[in-house]
Amino acid sequence: MIPTITAFERSPDRGRGLARDMRVRWALEEVGQRYDVRLLSFSEMKESAHRKLHPFGQIPTYEERDLTLFESGAIILHIAEAHAGLLPGDANARARAIAWMFAALNTVEPPIVEFGMARISERDKSWYEERQAMLEQRVHTRLGELSSRVGGADWLDDAFSAGDLLMVTVLRRLDGSGVLEKYANLSAYVARGEARPAYQRAFDAQLAVFTGKPPTG
Ligand code: GTB
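The text that follows walks through the structure, step by step, so that each part is easy to find. (Residues numbered from 1 in each chain as written. Predicted model: local features only at pLDDT ≥ 70, side-chain atom pairs only at ≥ 80, totals over all residues. Heavy atoms only, no water.)

1. A look at the site of the ligand
As a reminder of what qualifies: Being near a molecule or strand, for a residue, means having at least one of its heavy atoms within 4 Å of it. Between N or O atoms, a polar contact is any pair within 3.5 Å; within protein, one atom must be a potential hydrogen donor and the other a potential acceptor, and residues adjacent in sequence are included only when both atoms are from side chains. What sets the accessible areas is the Shrake-Rupley method with a 1.4 Å probe; for residues, cover comes only from the shown protein chains. Only protein atoms enter the 1 Å grid used here. Points where a 1.4 Å probe fits but cannot escape make up a cavity, open sets with protein on both sides within 12 Å along at least five of seven lines make up a pocket, and a residue lines them when an atom lies within 4 Å of a point. For a molecule to be placed in a cavity or pocket, more than half of its atoms must lie within 2 Å of the grid points of that cavity or pocket. All residues other than Ala, Val, Leu, Ile, Met, Phe, Trp, Tyr, Cys, Pro, Asp, Glu, Lys and Arg, Gly among them, are scored as polar; the first ten of these are nonpolar and the last four charged.
Not every one of the 14 residues close to the ligand is listed here, only the nearest: Arg20, Lys46, Ile59, Glu71 and Ser72. Side-chain polar atom of Arg20 to an oxygen atom of the ligand: 2.6 Å apart, as the coordinates give it. With respect to the ligand, the side chain of Ser72 contributes an N or O atom lying 2.6 Å from an oxygen atom. Taking 680 Å² as the accessible area of the ligand by itself, protein coverage stands at 78%. Taken atom by atom, the bulk of the ligand overlaps the largest pocket. Taken together, the residues that form the shell around the ligand break down as seven nonpolar, two polar and five charged.

2. Points about the packing of helix 5 (residues 91-121) against helix 7 (residues 162-172)
So the rule is basically this: Between N-to-C directions, angles span 0 to 180 degrees; the directions come from axes that are lines fitted to C-alpha atoms, helices contributing only their stretch in contact. Starting at the N terminus, helices and strands are each numbered in turn, a helix being any DSSP run of H or I of at least four residues and a strand any DSSP run of E of at least two. Should an angle lie under 35 degrees it is considered roughly parallel, over 145 roughly antiparallel, and from 65 to 115 roughly perpendicular; all remaining angles are considered oblique. Note on definitions: a residue-residue contact is assigned when non-hydrogen atoms from the two residues lie within 4.5 Å.
Direction vectors running N to C along helix 5 and helix 7 enclose 10°, while the axes themselves pass 7 Å from each other. Between helix 5 and helix 7, the angle is such that the two are roughly parallel. Contacts between helix 5 and helix 7 involve Ala97, Trp100, Met101, Ala103, Ala104, Leu105, Val108, Glu109 and Ile112 from the former and Ala162, Gly163, Leu166, Met167, Val170 and Leu171 from the latter. Tallied by class, the residues present in the contact of helix 5 with helix 7 amount to 13 nonpolar, one polar and one charged.

3. Thoughts on the pattern of salt bridges
Rules: We count a salt bridge whenever a side-chain nitrogen from Lys or Arg sits within 4 Å of a carboxyl oxygen from Asp or Glu. Only protein chains enter the area calculation, which uses a 1.4 Å probe; residues under 20% of their type maximum are buried, those over 50% are exposed, and those in between are partly exposed.
Taken as a whole and assessed by the stated rule, the structure comprises 15 salt bridges. Here Glu63 and Arg38 are joined by a salt bridge, their closest N and O atoms 2.7 Å apart. Here Arg38 lies in strand 2 (residues 36-40) and Glu63 lies in strand 3 (residues 61-64), a separation of 25 residues in the sequence. Relative accessible area serves as the criterion here: at 19%, Glu63 is assigned to the buried category. Salt bridges linked by common partners bring Arg20, Arg23 and Glu109 together as one network.

Below, the structure is given as structure tokens:
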């Protein structure tokens with residue numbers, strides 16, 4: 001059975017692949033699993049039919065047979081456990097890859113999201129500049145630490161894993177801020193993720209929702 005995910009009918013990112021359905025699409029492409037997408041308006045996301053799937057009225061969700069999931073991290077862990085390709089076979093390497101999934105979502109994503117949200121919604125506040133400098137510094141702290149760990153490696157822990165998939169999508173949230181560019185190895189790391197054929201297919205599919213034209217690939 002083909003799983004169904006949900007995504008924005010009109011993503012505010014205008015097809016830049018920054019909404020969290022992108023990471024689920026990418027994971028499904030990496031493991032070669034076809035999927036259907038149900039597009040939702042902002043009002044449909046808050047209706048009771050969707051809240052039965054997602055208690056917070058958000059995207060993405062994932063439906064497969066009698067299983068319904070929300071939270072992009074949980075969805076990707078499920079996909080990675082159900083298929084080969086996103087988690088190593090060795091038990092210790094697998095545990096480390098899962099640790100990187102949590103690190104991406106719990107340690108790196110929060111300061112990046114806070115920084116990005118402030119840029120969108122707090123620009124008119126008298127304290128904007130002062131707070132933004134503090135939020136940017138928090139992002140730099142995390143990126144500096146991550147950059148030191150990644151060093152010259154291709155991926156976070158040996159082979160590409162679901163940890164890399166999540167970390168790349170999290171770092172992409174800095175798109176347009178000029179912050180990631182200060183870390184050459186992290187910029188190269190994100191570019192390596194974006195160059196993967198599965199990433200490209202996922203990106204084209206979400207872009208097609210915005211342009212209204214079918215993916216070319
Ligand atoms: N922790 C949850 C998860 O990982 O699945 C968070 C889910 C979430 O934040 N979903 C967002 C949503 O549904 C879309 S991805 N928001 C609507 C709402 O809460 O009412 C966040 C997002 C939105 C837009 C951009 N953008 O335009 O660049 C980027 C990311």
